[in-house]
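# Examining the three-dimensional arrangement
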Amino acid sequence: MLTSAGSTGTRLIVVSATWGLFWGAWGGLIPAVQQRAGVSTGTLGLLLSLVAVGAIPAMVLTGRLARGRESVALAVSTGLFGVAIAALATASAPVPLGACLIAVGMTSGALDVCLSMAIARAERTTGARLFQPVHAAFPVMVVVAAPLAGLARQSGVPLLAILLVVAVLVAAAGVPAALGLTSGASPDTPAAGSGRRLPLAGIGLGALGACMLIMENAVEQWSAVLLENHQGALPVVASSAPAVYYLALSLGRLAAHAMPGMRLRTILGLGAAGGGVGIVLAALASHPAAGLGAFALTGFAFGPVIPALLSHAATRDGDGAAVATATTVSYAGFVGSPLVVAGLSTVLPLPSAVACLGVLAAPLLIAAFAGSFPDTPGGNPTQTEQEHHRKATGS
């Protein structure tokens, strides 16, 4: 079983890394996309919002269709994601660019849900702890791919060629990795009468994740602006802020994975305290070094939160319904973050607006102290659930 768990974990990490490969490269390619499409910054912002327009309904639908067939669903969504990236590579006018961004959002959202459901099934059937290391692969690849894409642009490689290479890598690495997963029977099934409680559990856990992801998106979108325009950082230093955050995010997840006895309450409490204080300090810092350090603290504290919430959701049901719901609801917070910051920025300076987001750590802190979580490490499968699986499968 340990060998199987190791192979499954590696395959899931590969899929997560290919997913992050595109989004990292995309961040470095957006200026070239704007130039090729010939659109204003405002129009580009509207076009980019179409990613969310495609993602949310696709995530809801995929959560229903993928139950019980996670491996195939993950392979299909990853393959379609590669196709959407290839189509995006050819879009050189606003209308086709918008259509392709909707397709990218749909397939990326489907991949997100399928990956979470596949990790959840793997945790239930093997007893392994997988959410933290698999989720750590995404931000690592974002950090690696963004400067590589920028370097390729600077070297004169056409946008079309860069995106096509990314599309091929996503499909060639991600699809076989997903198909190699096993979709064994889950060790647990929903208890009688629990059908209504499972979506509510997913919504509640997803709402906690949404609070954190509103802050995370704000770091991604505004950290460089804060450092350059309000803290006097040079452009090269300011542009490193998202990378610092994402590296710390990965380290936080790996640190939590290295401490299997850490409880979900502890992860939520540390995430709320460290992340909430960190984002306030980062927004209000007067020197770039202090800002970068605070963003690193924020990422390290927030890193384990989402994987731990999803891992806990995985123990709530046997078909992935709670995981799919939690993933979708939390993502809604991520895509809604720009509207929150925009609204606050109409009445406050940007540093104060971002600092105000620290209040969103309060629900995580309340959940850490008052939430009804079982006393099991990090929301991972309990020994009883693992024994149930061993008896069911004879392993």
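As shown above, the structure is provided for reference.
Below is a summary of the structure that appears in this document. (Residues numbered from 1 in each chain as written. Predicted model: local features only at pLDDT ≥ 70, side-chain atom pairs only at ≥ 80, totals over all residues. Heavy atoms only, no water.)

## Focus: the packing of helix H5 (residues 131-154) against helix H9 (residues 241-257)
- The interhelical angle for the contact between H5 and H9, taken along N-to-C directions, is 160 degrees, at an axis separation of 8 Å. Relative to H9, the element H5 is oriented roughly antiparallel. As for the relative orientation of H5 and H9, their crossing is left-handed in sense. Of H9, the residues touching H5 (which contributes Gln132, Pro133, His135, Ala136, Pro139, Val140, Val142 and Val143) are Ala243, Tyr246, Leu247, Leu249, Ser250, Arg253, Leu254, Ala256 and His257.
- Considering only residue class, the contact of H5 with H9 consists of 12 nonpolar, four polar and one charged. (Axes fitted to C-alpha atoms, helices over the stretch in contact; angles between N-to-C directions. Helix = DSSP H or I, 4+ residues; strand = E, 2+ residues; numbered from the N terminus. Parallel < 35°, antiparallel > 145°, perpendicular 65-115°, else oblique. Left-handed = near helix turned anticlockwise from the far one by under 90°. Contact = heavy atoms within 4.5 Å. Nonpolar A, V, L, I, M, F, W, Y, C, P; charged D, E, K, R; others polar.)

## A word on the layout of surface pockets
- Of the volumes computed, that of the second largest pocket is approximately 290 Å³.
- Forming the boundary of the second largest pocket are 16 residues, of which Thr62, Val76, Ser77, Leu80 and Ala110 lie nearest the centre.
- Secondary structure elements with two or more residues in the lining of the second largest pocket: helix H2 (41-65), helix H3 (70-90) and helix H4 (94-126).
- In terms of residue class, the lining of the second largest pocket is built from 12 nonpolar, three polar and one charged. (1 Å grid on protein atoms, 1.4 Å probe; cavity = no way out; pocket = protein on both sides within 12 Å on 5 of 7 lines; lining within 4 Å. Points joined across faces, edges and corners; volume = space filled by probe spheres on them.)

## Considering the pattern of salt bridges
- Under the criterion given, the structure shown has one salt bridge.
- Note that Glu70 and Arg121 form a salt bridge whose closest N and O atoms lie 2.7 Å from each other. One end of the pair, Glu70, is in helix H3; the other, Arg121, is in helix H4, and 51 residues separate them in sequence.
- Classification of Glu70 by relative accessible area gives buried; the value is 2%. (Salt bridge = Lys/Arg side-chain N within 4 Å of Asp/Glu carboxyl O. Buried < 20%, exposed > 50% of the residue type's maximum accessible area, 1.4 Å probe, protein only.)

Purely geometric numbers; function is a separate question.
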